[in-house]
Each structure stands twice: as structure tokens, then as C-alpha cells.
Amino acid sequence: MNGLVARLSGWRLSGLERRIVGPFLLLLLLVQGISLMLVNGAIGQSATRAIDNDLQTGQRVFTRLLEQRAERLSEAAALLAADFGFRSAVNSRDVATLGDALENHGRRIGASLVVYTDPVWRPVAATGLHVDRVSTLLPGARLAAMAGSPGNTPVQHARLTLIEGRAYQLVAVPVRAPRTVGWVVMGFVLDQSVLQQLAAITGLRGAVLHHGSPNRTLLTTFVDAGEALAAHPATAPPCGRELREADARWRSCEFILDTGVVTAGTAPPLRLVLAHSVDAAVAPFERLQLTLLLLTVLGVLVFTVGGAMTARRLSRPIRGLRRAAERLRSADYDTPVRVPDERVVGDELVQLAQAFESTRLAVQQRTQTITRLAYQDTLTGLPNRARFVEVLRERLQPDAAGVVAPVAVMMLDLDRFKHVNDVLGHQLGDRLLCEVAQRLTGCCRRPEVVLARLSGDEFGLLLPSDGLEQACEVARALLAVLDLPMRLDEHTIDLSASLGIAFAPEHATDPKILLGLVEVAMYAAKRRQLGVLAYDASMDTRSSASLSLLSELRQAIDQRELRLFVQPKVDLKSGRVLGGEALVRWHHPQRGLVPPMQFIPFAEQTGFIRQITTWMLAAGVQTLQDWQDAGLVMKLSINLSTRDLLDPELADRVRQLLDRHRVSAARLCLEITESAIMDDPARALQTLQKLHELGVRLSIDDFGTGYSSLAYLKRLPVDELKIDRSFVTNMERDLDDARIVQSTIGLAHNLGLTVVAEGVETDKAWALLARLGCDEGQGYGIGRPMPADEFLGWVGRWRSPSDDALHVDTDFAEML
């Protein structure tokens, strides 16, 4: 019990628990309060009825006591009337003898008054009062009335009467010899003994009142009769009055006592006042009330404790669900939601908990799916580039002593995979990648080794470093596994690979920089056909400058050091300016104007190209808005890299920019290279499709330089095709290049594409391209790249050349 009290004393009900317990507790208190009020009223009524019944009983008991006294008085009077000596005195008419006899007999029985009258009720002798006084106070007619008819019994003759302010109980008995020769009248003073007997029998207090002038209390058992009987004037109602004696309360009732015959000038009647103690009558009920009150308090206490325990039992699962919701909000999907016992909390909370658990499992499953999609390559099941970089960053974190644990990073690239993919198709190409992943996984079973697919046919490997020799040994084992022929259906494929190695913290401690260095080593191994090659600063004489350049590139955008240049694009038939191609230039505060080839390739290697593309898109769309505000409707082309095409958020960013600047999507053209598409065709095609649905124009840049241009061209949602400058520049001198340009133009037009020629540097090239049907052109012969804010001035000054007088060689004339 003490433990329960201590436990309850430490409770603090929550808001829900108070809302559960509070209303029911208030309802219980209201019901108990009304019950107590009703019980209290019923107790008052019951006590009043009981008191009134006791008072009526007391009146009957008082009457019975008077009757008993009358019987004894009658017997004594009859004994005296039958006494021989008394009769002899009556016959002798000796008054003195009669007086002695009456005195002796009255003394013997304790009578207060004994009178002998003649047959006509004239007093002859008396004791207790002088005979003359008796004649005055008790005239014969009054005594005769007491006797009544001859058949009355003596008891019935007993009457109460007032004699000299005192109440007497009188009885008259005839003296016969043999006829009635007189009457013996005996009387007893009504004293305290009768009321004391009544009090002993019934517990009632009483008083005999004489309502005369003034009122007098003849006898009473009240301690203070004056105070108690002040509420009983002659005109007051007989019953239901409240008396007070000291601090006690009494309920009284008044009864009229029989005083015999009242003649002219008669005295007012005698009244009996009986009183019952209200406190004594209510005491048993008050104990009942106290018991009910204690039961109510106990019930409220038990209900409060039970309600609190029930509320706590109901709220505990709810608090558990709240904690489960908080865990879900904090992305903790592994801790299961506890389902409470249905017998304890009911099926509603059980169903709610089950719904929470179902939600947790569904979110956990979706999170695992999202995590798998975000960090796992869907084709091979290996970690993807994002996961590889994340693990690499974790491994490069210094320990408590500030020391970075040495690791080796490898990048493996398959040789001739694009050729195999083009010849055998994507389905076999995907199967080939899966087979390569399985073979590499078989060589990397140590738990600390991480194998990932970085992009199309590139794989990454991360392992603790025990030196260059150990890393090269692992690399050669990987290449040896790939040298084994692969059998796919009826095809036997011989593969080879090139592998680069870089070390941390020896070469770098930044994950992106480290991947850039290992990629440099991998491409160096591929160029030298060495198979395995570890990174060395000699591979990139500008390595330290490149590292510094990357750090400065990160600040270039924030410091507004990048500049947007535009190279014009014109309609080769009409000579009208159609727009331009956006190019980025870096105006370095110390180095001056940095050529794009010094930072764009490195930005592509390190992944910083995405930030540059984001800046280019923002600046380019702003330029389109400026042209629009100037009243010129022109288009602007912006180049995308491989990493941009693999960015799933690219289309959303482009849409937001166009909406913000209120520029039509058709005026923005995004240029992509064939190699960018080939690295991950599925993801690239998905991004291109989103951009196409947005309404942005798409252009294939440097067309004709890739392996699979024709195979992919019909599948891509592109609007424009750009002929590589190498064909355009040589077409004036090489008829084969001219035929290639002509065929490309015809192919593009048949597919519904616009053709743009790059590298238009002479008027002759312009004329040839126009006659071959090329739509647009750009090059130094039209206009060099210029700052964007100078482009509108150039447009105003532009004049297109005339091709009417141009001479065309015979061979070209035959082709045209």
C-alpha cells in the first residue's frame, strides 16, 4: 500500500489523462453531492416523523400513567368507603371522628386531599383543606359531575382539576349502607414523579402548563422551563415547534389534559407539553450521514486512483505512439512500434498502433528502396558513385590524434566497351557489365574493401593502403580476372581494362580531388597501354596549379569572377541573327582571363562542372530576359556536360529559372555531346526527356565524331544537330568532307532536325553550306565570342555577306 501511495504521489497526470479523469471525477462528485443532499433531506423527514411518533406515544404513556394512579386512588377510596369504622362514623354523624378517619386513611395511602360529602355533594369533613375551602373550590355540582351516571366505574370518575394553582387527580367513590349515604373524594397532587416516570420510559421531557392569566408552569422535567416553554403560548400550533434549552434542540407537541367539568368562570384547561431531543433523534442518522460521507470520500479516492491508473494505462500506449512518431520524424525506421495488449487498452488503440507499425514498415521499405536507388547501382547491385564518395569521405576523416588512415583508391575502365556495346547491343552490354561486376566482387571479399560502379564502364575500388606494391598486386589480380574470355550466348568477348591508383593522404585528402587524380592515372595507363599505373605528379605537370585552380574555382562564382560570352548564330539563307551560343570565361584577379581549356576539363573531372553549369543557366536565362526587354526575340544555346545529364534535378532548376525570368522555354537550347549520352544512356535519356517535355530545345553537339551517332540519333528527343567544325573547316578543300556534310544535312532534315554548322570562317564556306541546305552557322567568319553586354551592339552592326559572285569549283558544282 505504501508503495502504491508513493507511486501515486510521483504521478503527474498529462493533459490527456486529466481530460479522461477530470470529467468523470466531477460527475462523480456531482452525483455524490446530490445523493448526500437527498439523503440529508430524507433523514430530516424521517427524524421528524420518528419524533412525532414518539411524542404521540409519550402522550399515550402519560395517559396510561395517570390511569394507573387513578386505579390506585380508586381502590384506596373504595377501601375507605367499605371500612366498618368509617361507616359507623358516617352513621353517627360525628364530624370529628370522620375527620380523623379521613386523615388517617389519607396519610396511609399518601392522598393529598380526602373529602367526605353527603349524598348531595355537600362537604361534611375534609383533610388537606378546610371543609369550608373545599366547599368554595369544589362546589357540589362540580363533584356531582365527576361522579357521572351511577353505572360509571371509579376509574372513569378520575379527573384532573386545579385547586389553588395545583393540579389534582380526583376520584369519587360512593358510601353505601346499603343505599348511598355519601361520597368519599380523594385527590393526589400531580407532581414530578409522573413526568420522571415518563422520561424514564420514553426519554421525553415534559411539562404541565396552565394557560391562564398569567401562564404558569405547574411541573416540568426541563432544566430551564422558562427558556424551553417560551415557544408555547396558548395560541401557538399544538405540534412541530422547535424548543431550545441551552445548546440542545427539542421538537415539542402539546396535548390538552382532561380537567373535568368547567362551570361558569371556569379555569382554562391544563396542557401537557412533551418534547423530544432532535439531536438524539438525528444522531443515528448523522452517523449514517458520516458513514455515507466517508464512503463518498473513499469512493472519490478510489475512483481518482483507479481513474488515474486507467488513464495512465490508456495514455501509456498513446505516449508510446507519440515517441514512435518522433522516431519516424527523426528517420529512425528500425525500432518497431510496440502494439499494446487489446485486453488492456481496447481494439481502437491496438488498431492505431498496428497502423503506426504498418506505416513504419512501409516507410522503412521505401527508405531502403530510396537509399538503394540513391547509393546502389541498379544494374550491377554495387554501390554507386555517390556511395563510393561518401565512404571515401568517411575513411578520410582524421582520428582523435588528427591522423588520416592511409587508403588506396583505384579506378578501372574497360577498354573498347563502347564498341562492344554498339556492336552487340545494350542488352548484352548490360550483361557484360554484370559479369564484370561479379568477377571483381569475387576478388574483393574483404569487408574493408569497397567496390563500386562509378559510371558506364568505370569501377572504383577503395581499400586500406599497405603501400604501392600491395596496391599494384591487387590491381594486377583484378586485371587478370578480366583477361579471361567471357561467354555471352553465342558470343565470346575478350576484354581488357586500364586501372589507375592514387593514395591518401599522400596525394590528397579531399574525395573529389582524389578521384580526379586517380582518373588522371587511369587515363594515363590507358594512353600508355600499361594496364596499371599509380598517380604521379609527372603525369600532370600542372597538378599543383590544378589543385590551386580548383580551390580558386570554388570562390570564382561567389566572387563573380565568371563572365558570360556569346558567339553569334545566323540564318545562312537570310543572314538574320538568330541568337548565339553561351560560353564561359574566367576573369581571374591575378591570372587575368583564364582560357576555358585550362579549367573546364578539370571541372568536369572533379565534378565542379555542375556548379559552373548552374551559373551558366542563371546567367544565360538572365541574358534572354535582357534581349526580350530590348525587343529582340532570339535564342541562346548552353552546353551541358556528362555530369549535368546525370543530375535528376536539372530539369526542375531550368523550369524555375524560366518561370522566374518569364522567358519562353523554346528560346533556350541545351547542347549535349554524344560522349555525354553514351556514358549512361538510360539516365541521360531520362533527363533529356524531361527537358524536352519542358519545351527546351535540345541540340547534338560535335555530331559525327562518336561511334553511335546514327544508332542513337533516332531515339533522342533532339531538335537540332551541329556538324563538327573539323568537317566544316576542311570541306572547302576536301570533297569527301563536303559529301559528309551534305549527307549529314540530308539525314538531319529527313529526321526533322535543324542543322547548325560550326567553324564557318570564310564567305566561301558560308556559300557552300547555304547551297547544301544548312540552316544555321557560327564561327569566327561570322563573329567571335564577345561579352554578353556587347552582343546587342554587334547585332545592330551586323551585315551578312553576298554569295552571288562566289566561284565554286567544278567538283563542288557537280555535287551541288
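Data block above holds the structure.
Computed from a prediction, not measured in an experiment: that's the story for all the values here.

Both the distance between ring centres and the angle between the ring planes are used here to describe each pair of aromatic rings. Within this structure, the stated rule accounts for five aromatic pairs. Each ring, one from W766 and one from W798, has its centre 6.1 Å from the other, and the planes form 25°; the classification is stacked. Here W766 is found in helix α27 (residues 763-771), whereas its partner W798 is found in the loop between α28 (788-797) and α29 (810-815), with 32 residues between them in sequence. For W766, a relative accessible area of 6% corresponds to the buried category. Here W798 falls in the buried class, since its relative accessible area comes to 14%. These aromatic residues form a ring-pair network of at least three members: W627, W766, F791, W794 and W798.

Moving on: a positive patch on the surface. A cluster of basic residues, R393, K512, R554, R610 and R683, forms a positive patch on the protein surface. Among the secondary structure elements, R683 is positioned in helix α23 (residues 681-694).

Where nonpolar side chains cluster on the molecular surface, the patch consists of L27, L30, V31, I34 and L38 and spans about 470 Å² of accessible area. You can see L30 is positioned in helix α2 (residues 15-81).

Once that is clear, we can look at the sheet that holds strand β11 (residues 407-414). Here we have five strands laid out as an open sheet, ordered β12-β13-β11-β16-β17, and mixed in their pairing. Each end of this open sheet is capped by a strand with a single partner; those strands are β12 (450-455) and β17 (532-534). With strand direction ignored, the average angle separating the axes of adjacent strands in the sheet is 20°. Where β11 and strand β13 (residues 458-464) come together, seven bridges link them in antiparallel fashion. Opposite A408, over in β13, you have L463 as the bridge partner.

Quick look at the pairing of strand β4 (residues 166-176) now. In terms of burial, β4 is largely enclosed, as nine of its 11 residues are buried. In this structure, β4 lies alongside strand β5 (residues 180-189), joined through nine bridges in antiparallel fashion. Residue pairing in the sheet places A172 in a bridge with V185 of β5. Joining the antiparallel neighbours β4 and β5 is a turn of three residues.

In contact at an axis separation of 10 Å, helix α14 (residues 426-443) and helix α15 (residues 468-483) are set at 140° when each is read in the N-to-C sense. Between α14 and α15, the angle is such that the two are oblique. As for how α14 packs across α15, the hand of that crossing is right-handed. Of the residues in α15, those touching α14 at V436, R439, L440 and C443 are A477, L478, V481 and L482. Class assignment of the residues belonging to the contact of α14 with α15 gives a composition of seven nonpolar, no polar and one charged.

Let's shift gears to the environment of F255. Along the chain, F255 falls in strand β9 (residues 248-257). Here F255 falls in the buried class, since its relative accessible area comes to 11%. Sequence-wise, F255 and Q56 are 199 residues apart; in three dimensions their C-alpha atoms are separated by 9.3 Å. Excluding residues within four positions of it along the chain, F255 makes contact with L55, Q56, Q59, L270, R271, L272 and L274.

About the criteria used
Residues numbered from 1 in each chain as written. Predicted model: local features only at pLDDT ≥ 70, side-chain atom pairs only at ≥ 80, totals over all residues. Heavy atoms only, no water. Phe/Tyr/Trp six-rings, centres within 6.5 Å; stacked < 30°, edge-to-face > 60°. Helix = DSSP H or I, 4+ residues; strand = E, 2+ residues; numbered from the N terminus. Buried < 20%, exposed > 50% of the residue type's maximum accessible area, 1.4 Å probe, protein only. Patch = residues over 30% accessible without salt bridge, like charges linked within 9 Å, V, L, I, M, F, W, Y side chains within 5 Å. Areas by Shrake-Rupley, 256 points an atom, 1.4 Å probe, with all protein chains shown as cover. Salt bridge = Lys/Arg side-chain N within 4 Å of Asp/Glu carboxyl O. Lys, Arg positive; Asp, Glu negative; His and termini not counted. Charge placed at Lys NZ, Arg CZ, Asp CG, Glu CD. Pairing = 2+ DSSP bridges. Axes fitted to C-alpha atoms, helices over the stretch in contact; angles between N-to-C directions. Parallel < 35°, antiparallel > 145°, perpendicular 65-115°, else oblique. Left-handed = near helix turned anticlockwise from the far one by under 90°. Contact = heavy atoms within 4.5 Å. Nonpolar A, V, L, I, M, F, W, Y, C, P; charged D, E, K, R; others polar.

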